Amino acid sequence: MRKHIKNNVSWVGWIDWELESFHGDDYSIFNGSSQNAYLIEEEKTVLVDTVWTPHRFDFVENLKKEIDLGKIDYIIANHGECDHSGSLTALMAEIPDTPIYCTPAAVKSLEGQYGKHGWNFRTVKTGDTLDIGNGKQLVFVDMKMLHWPDSMATYMTGDNILFSNDAFGQHFAVGELFNDKADQCLLWKEALKYYTNILNPFSALVAKKLTELEGMNLDIDIIAPSHGAIWRDSPMQIVKKYAEWSDAYQENQITVVYDTMWEGTAKLAHAIAQEVHLQSPDTVVKVLSIAKTDKNEIMTEVFKSRAIAVGSPTCCNSYLSSVAGWLEFLKQLKFKNKKAAAFGCYGWSGESVKLLQAKLAEAGFDVAEEHVRSLWNPEEDDFAAIPALVKSLLQ
Ligand code: FEO
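Quick look at the structure, then. Within any chain, residue numbers begin from 1 and follow the written order of that chain's sequence. A pLDDT threshold of at least 70 governs which residues receive local features in this predicted model, and a stricter bar of 80 or more applies before side-chain atom pairs are shown or counted, although totals over entire chains, interfaces and linings include all residues. Just so you know, side-chain values use all the structure's heavy atoms and leave hydrogens and water out.

To continue, consider the layout of surface pockets. Lining residues are defined by having an atom within 4 Å of a point belonging to a cavity or pocket. Those points lie on a 1 Å grid over the protein atoms alone, cavities being sets where a 1.4 Å probe fits but cannot get out and pockets being open sets with protein on both sides within 12 Å along at least five of seven lines. Grid points are joined across faces, edges and corners, and a volume is the space filled by probe spheres set on the points. Taken as a whole, the largest pocket spans an internal volume of roughly 370 Å³. Lining the largest pocket are 19 residues, with Met261, Trp262, Thr314, Tyr346 and Gly347 positioned closest to its centre. Broken down by secondary-structure element, the contributors of at least two residues to the lining of the largest pocket are α8 (264–279) and β20 (339–346). When residues are sorted by character, Ala, Val, Leu, Ile, Met, Phe, Trp, Tyr, Cys and Pro go into the nonpolar class, Asp, Glu, Lys and Arg into the charged class, and all the rest, Gly among them, into the polar class. Here the lining of the largest pocket is built from residues that sort into nine nonpolar, nine polar and one charged. There is about 230 Å³ of room inside the second largest pocket. Forming the walls of the second largest pocket are 13 residues, and the residues nearest its centre are His23, Asp26, Asn197, Ile198 and Leu333. Secondary structure elements follow DSSP: runs of H or I of four or more residues count as helices, runs of E of two or more count as strands, with numbering from the N terminus. Residue assignment for the lining of the second largest pocket shows that the elements contributing at least two residues are α5 (184–199) and α10 (321–332). Residue ranges assigned to each domain were obtained from an automatic or database domain assignment. Looking at which domains feed residues into the lining of the second largest pocket, each of domain 1 (3–245) and domain 2 (254–394) supplies at least three.

Written as structure tokens, this is what we have:
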């Protein structure tokens, strides 16, 4: 069912209320999500993006209830990932000759995923325009690596809507569609989680792209992303946030993350958190178990932090396997401008702390020499090393 956005522009997407994970199981979903597709009905009729593959037949049937598919003049494929392109096969079976506007890289990703069907691709680059009648145009903006090589955004003149695709989105089901109607706490929580886990590795490119967009002097009344709430109330607030988030973001927070076998490393984690409050009462402290806490949520806390302390006992000459996987994900997200320290218990060989320090350095953290390496359960001497570790993180 269509929902009105502005003038002759409607939302024709799909809300996934029950979705629990995304990108396989790599991204946790706790508040639903959506794939936003849009229908523009000016003198020309334009479909902007589609929805995820599992919904493709329902999507096409729903669209048929709104419009004669034969009336669609142009399809815009802002991005080739299957959550936005996954209905193309079902749609193109009905209207095989309709031109698809996309980047050259999207031709590769679409044909790579769906095969070569002889679809009528029209490749575009930044600044290319498409006249849609009634004095309005679509202006294409390359959004390479935000977050795929094929990503682009489409700006509609006259109505001043930026169809930004993944950029500025959130995995968040908002039935009311608009940012001013959404639960504000969840909206910002999900926007931050989305940025951290999807866009942070590309922060340098985000910053560059924001400058480029600013230089295009587009009047933007609405930012319509492909997931979550549509920004119609002060849309530039999310652009401003992206500028902050892409600039080595940190708040006055220290996050302590750990896994433990027999609670020794957990005791150190709690003692570190207590010491942070002693030395810096205004610093927010969070303690999170890697084994028990969702990894995407932990990374969002890491993103907010000025420093982290990571703990693991030694197990089989290394850190725990839960910590190993977590550290690999930490490295992938390419955090900048953050300190880190390591701690952990051991009984025999005790390699975990040194290995943690090496892995944290490899992940781009400024690693403190100060550490806590506790033989068996932590005792007075071990706890005595914590103030120096915390002082180093707070410096
Ligand atoms: Fe990159 Fe929402 O797909």
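This brings us to the sheet that holds strand β9 (residues 74–76). Taken in spatial order, the seven strands line up as β1-β2-β7-β8-β9-β10-β11 in an open sheet, and their pairing is mixed. Looking at strand neighbours, the two that pair on one side only are β1 (3–6) and β11 (121–123), the edges of this open sheet. Adjacent strand axes in the sheet meet at a mean angle of 25 degrees when their direction is disregarded. Whether two strands pair depends on DSSP finding at least two bridges between them. Direction of pairing for strand β10 (residues 100–102) relative to β11: parallel, over a ladder of three bridges. In the sheet register, Cys102 faces β11, and the bridge partner there is Thr123. Contacts between residues were defined by any pair of non-hydrogen atoms, one from each residue, lying within 4.5 Å. Lines fitted to C-alpha atoms define the axes here, with helix axes fitted over just the stretch in contact, and angles between the N-to-C directions of these axes take values from 0 to 180 degrees. The strands touched by helix α4 (residues 104–114) within the sheet are β10 and β11, with β11 carrying the most contacts at an inclination of about 145 degrees.

Scanning the entire structure with this criterion turns up four cavities of 30 Å³ or more. Its boundaries defined by the atoms lining it, the largest cavity holds a volume of some 70 Å³. For the largest cavity, the full set of lining residues is Met1, Arg2, Val12, Gly13, Phe59, Asn62, Leu63 and Glu66. A class-by-class count of the residues in the lining of the largest cavity yields four nonpolar, two polar and two charged. Considering only enclosed or pocket space, the second largest cavity measures out at about 50 Å³ in volume. Taken together, Met143, Leu146, Ala167, Phe168, Leu199, Val206, Lys209, Leu210, Leu213 and Tyr242 form the lining of the second largest cavity. Ranked by the residues each element gives to the lining of the second largest cavity, the list is headed by helix α6 (residues 203–215), at four residues. Among the residues forming the lining of the second largest cavity, the class breakdown is nine nonpolar, no polar and one charged.

This part covers the pairing of strand β7 (residues 38–41). The pairing of strand β2 (residues 9–11) with β7 spans three bridges and is classified as antiparallel. In the sheet register, Val9 faces β7, and the bridge partner there is Ile40.

For the rest of this paragraph, the subject is the sheet that holds strand β16 (residues 222–225). Reading across the sheet, the five strands line up as β12-β13-β14-β15-β16 and stay open at both edges, with mixed pairing between neighbours. Where the open sheet ends on each side, the last strands, each with one partner, are β12 (129–133) and β16. The average undirected angle you get between the axes of adjacent strands in this sheet is 20 degrees. Bridge count between strand β13 (residues 136–142) and strand β14 (residues 152–156): five bridges; the pairing is antiparallel. Directly across from Val141, in β14, lies its bridge partner Ala153.

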